[in-house]
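Each chain is listed here by its residues.
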Amino acid sequence: MQFELIRDYNRNRLSQVKLPIDVTGFAYTPFQHQLDGVEAFIKSEGRMMLAWEMGSGKTAGSALIMESLKVGPTVLFSPASLMLQHKEEFSTLLTDRPVVIFKDRIEDDRASPFPLYIVSYARTKKFRQACKALPFNFELAILDESTFIKNHKALRTKDIEVMVSTIPLVLMLTGTPIINRPVDLFTQFRIANPLHPLFKDWWRFTRRFCNGRQGPFGYKADGLSHADELSGLASSIMHRVKKEDCLDLPDKVRTQLPVQVKTKEYRDWQEEIQDLGLQKAEASLPWLKDWIDTTDPREKLVIFTRHVETAQYIANSDVARSVGVSYFTGETPSHRRYAEIEAFQTPRNRILVMTIGAGGVGLNLQFASTMLFVEMSFSPMEMLQAEDRIHRAGMKGGATYHYMVAHKTYDKKLFNALTYKYAMANEVVDGIKDPDENVFAEIFKTPRGTVINQQI
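Residues numbered from 1 in each chain as written. Predicted model: local features only at pLDDT ≥ 70, side-chain atom pairs only at ≥ 80, totals over all residues. Heavy atoms only, no water.

## Focus on helix α2 (residues 32-43)
- Under the 1.5 Å per step criterion, the end-to-end length of α2 is 17 Å for 12 residues, consistent within 8% with the ideal 16 Å.
- Within α2 the residues assigned to the buried category are His33, Gln34, Gly37, Val38, Phe41 and Ile42.
- Just downstream of α2 lies glutamate 45, where phi reads positive at about 70 degrees. (Helix = DSSP H or I, 4+ residues; strand = E, 2+ residues; numbered from the N terminus. Expected span 1.5 Å × (residues − 1). Buried < 20%, exposed > 50% of the residue type's maximum accessible area, 1.4 Å probe, protein only.)

Now the structure itself:
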C-alpha cells in the first residue's frame, strides 16, 4: 500500500513537469542523451536506472534531473572512494544547492536551499539512524554504482531498501547493471518496482531467470534462463546508453602480453592466483622500463592489480619510482586516494598503481592513454569499468590496454569465466547473443606481444 501511495504521488508530481526541458541556467549545455534521460525518468514514474556506459556523463545527467524537477532534499549513496569527487562535481553543476558529505549527523539548516547529502555505502546504518530525528523528508535518492546493493542479504542493502521505501523518487546509476551474473539485478529491480510479483521473491526470481537449482552443496543461482524475458524487464527500468552512441571516442586497442612463470604446487587456487600475481608483477618491470624509455615523458600509465601485495611490489620498485608513482588500494583512506590522483595529474608522477576494487569505478583519468592489467578481476564488468577510467569524454588520442596473461595457469580458467559471464550480461543488458562480440575471448585467444620473463 505504501508504494502505491508513492507511485500516485510521483505520477502527480511528474505530470506537472513541462517537456521539453528548459536548460537555461544549467551549468553546461547537456548532450541529447542526457535530455532524453530526464524525459525517461519522468515517464518511468520516478523510479529507474540510468544505465549509461562509463564516461557518458551519469553525474551530469542526474544533476540535470534534479535541476529540471526542482527536487527537494536529496541523498546520494556512493562508494567511499568517490565521495570527494562527487562533492566537487555536484557543487559545480548545482551552484545554488549545498552539497554535504555525511559524517555523523544531519544539520537542519532551513534557511539554506534544499541540500544534497552524500553518504558512503559503508555508513548507511548510521545515516538511517540520523534520518529518524529529521523534521523533513528526502524526496530523491540517488544510488551511484547501484550494483553495490546487489547482495539482497547484505546489511547495507537492507538499510537502503528500508530508506528508499519512503523516498518517492529513486534514481540508480550504473554503467554495468550486472557485475557478475544476472542475479545481480534482483535488488535493483525490486527497488525500481516493488509491486512486480517477480521482484518480491528472490527464490522465484532466481528460479525463473538465473537457472536456480539445488546443487550438491546447496542452492545455486549462477546462470541465465528466459533471457529474452529478463532482457525485456531490464529495458523497462533502464535508460540504456552506450558510449559509441553518444560520444565520438576512438576504439579501444587491447593487447595480450604472454608471460611465462615458474610452475609450483599450491594448496588451493587462492594461493595460486596470489603467487601468480607476484610473479607477473616481477615480469612487468622489464616491460615497464621499456615503456618509460620509449614513450613521451608526458605520457601517463595506469596499472591495475587484484591483490594489494602485487600493487605494492610494483609501486615500490625502483623502475616505477624513477618516474614518480601514485599508489592506493582499498586500505588507503579516501582523502589520501584523492591526493594520489591529484599528484598523478601533475608532471611529477607518470604512473598510477591501483587495485581494481579500489580504483576501478568512478575515477576520471582521461588524461592517461595506456593501461596495464597485471592481474584480472573475476568480474568482466569490473574489468570494463576499470578500462573506462581512461576511455572517457575529454580523452586525447586513443586508449591502449595491455593484459598480462600466463598461459597454462589459473589465468585460463579465469578467462573462461570472464568470457561466460560477459556473454550472459551482454545478452540481458544489450540483447547481444553473437559469440564474436566477446572481448575476453578475443583477448585470450589472440596474443600480440612477445613472451616476457622467460623462465625454465
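Back to the write-up after that little detour.
## Quick notes on a negative patch on the surface
- Together, Glu244, Asp245, Asp251, Asp434, Asp436 and Glu437 make up a negatively charged patch on the protein surface.
- As for its position among the elements, aspartate 251 is in the loop between α11 (243-246) and β10 (252-258).
- Note on aspartate 251: relative accessible area 66%, which makes it exposed. (Patch = residues over 30% accessible without salt bridge, like charges linked within 9 Å, V, L, I, M, F, W, Y side chains within 5 Å. Areas by Shrake-Rupley, 256 points an atom, 1.4 Å probe, with all protein chains shown as cover. Salt bridge = Lys/Arg side-chain N within 4 Å of Asp/Glu carboxyl O. Lys, Arg positive; Asp, Glu negative; His and termini not counted. Charge placed at Lys NZ, Arg CZ, Asp CG, Glu CD.)

## Notes on the pairing of strand β11 (residues 301-305)
- The element β11 is largely enclosed, with a buried count of five among its five residues.
- Of the two faces of β11, the one carrying Leu301, Ile303 and Thr305 and the one carrying Val302 and Phe304 are both buried.
- With five bridges joining them, β11 and strand β13 (residues 351-355) adopt parallel strand pairing. Each residue of the ladder has a partner; that of valine 302, found in β13, is leucine 352.
- Here four bridges tie β11 to strand β14 (residues 370-373), and the two strands are oriented parallel to one another. The partner of isoleucine 303 across the bridge, within β14, is leucine 372. (Pairing = 2+ DSSP bridges.)

## Remarks on the environment of glutamate 340
- Here glutamate 340 shows up in helix α15 (residues 334-344).
- Taking the C-alpha atoms as reference points, glutamate 340 and tyrosine 327, 13 residues apart in sequence, are found 6.5 Å from one another.
- Here glutamate 340 is in contact with Val325, Ser326, Tyr327 and Phe328, once residues within four sequence places are set aside.
- There is a polar contact of 2.7 Å between the side chain of glutamate 340 and the side chain of arginine 336. (Contact = heavy atoms within 4.5 Å. Polar contact = N/O pair within 3.5 Å; in protein donor to acceptor, adjacent residues only side chain to side chain.)

## Concerning the packing of aromatic side chains
- Applying the stated criterion across every chain, the model contains 24 aromatic pairs.
- Aromatic side chains phenylalanine 189 and phenylalanine 199 sit 4.9 Å apart centroid to centroid with 45 degrees between the ring planes, which places their arrangement in the tilted category. Separated by 10 residues along the polypeptide, phenylalanine 189 in helix α7 (residues 186-192) and phenylalanine 199 in helix α8 (residues 197-200) bring together distant segments of the chain. For the residue pair phenylalanine 189 and phenylalanine 199, the accessibility class agrees, reading buried in each case.
- Put simply, the rings of Phe77, Phe102, Tyr117, Tyr121, Phe127, Phe136, Phe138 and Phe148 pair up and form one aromatic cluster. (Phe/Tyr/Trp six-rings, centres within 6.5 Å; stacked < 30°, edge-to-face > 60°.)

## Looking at the pattern of salt bridges
- Evaluated as defined, the whole model comprises 25 salt bridges.
- Linking aspartate 296 and arginine 298 is a salt bridge whose minimum nitrogen-to-oxygen distance equals 2.9 Å.
- Judged by relative accessible area, aspartate 296 falls into the partly exposed class, the value being 31%.
- Members of the salt-bridge network, linked through shared partners, are Lys243, Lys252, Arg254, Glu387 and Asp388.

## Brief notes about the packing of α2 against helix α3 (residues 58-69)
- Axis separation between α2 and α3 bottoms out at 9 Å; the angle between their running directions is 55 degrees. When the axes of α2 and α3 are compared, the pair comes out oblique. For the pair α2 and α3, the sense of crossing is right-handed. Contacts from Gln34, Leu35, Gly37, Val38, Phe41 and Ile42 of α2 reach α3 at Ala60, Gly61, Leu64, Ile65, Ser68 and Leu69.
- The residue makeup of the contact of α2 with α3, split by class, is eight nonpolar, four polar and no charged. (Axes fitted to C-alpha atoms, helices over the stretch in contact; angles between N-to-C directions. Parallel < 35°, antiparallel > 145°, perpendicular 65-115°, else oblique. Left-handed = near helix turned anticlockwise from the far one by under 90°. Nonpolar A, V, L, I, M, F, W, Y, C, P; charged D, E, K, R; others polar.)

## Thoughts on the side chain of threonine 157
- Counting through the fold element by element, threonine 157 comes out in helix α6 (residues 155-164).
- Every residue in contact with threonine 157, bar those within four places of it in the chain, is listed here: Ile149, Asn151, His152 and Thr187.

## A few points about the nonpolar core
- In terms of nonpolar packing, the biggest core is built from 117 residues, with Leu69, Tyr403 and Phe440 touching the most fellow members.
- A per-element tally of this core places helix α18 (residues 410-430) first, with eight residues.
- If near-sequence neighbours (up to four positions away) are discounted, phenylalanine 440 is found in contact with Pro380, Met383, Leu384, Tyr403, Phe415, Leu418, Thr419 and Tyr422. (Core = buried A, V, L, I, M, F, W, Y, C linked by side-chain atoms within 4.5 Å.)

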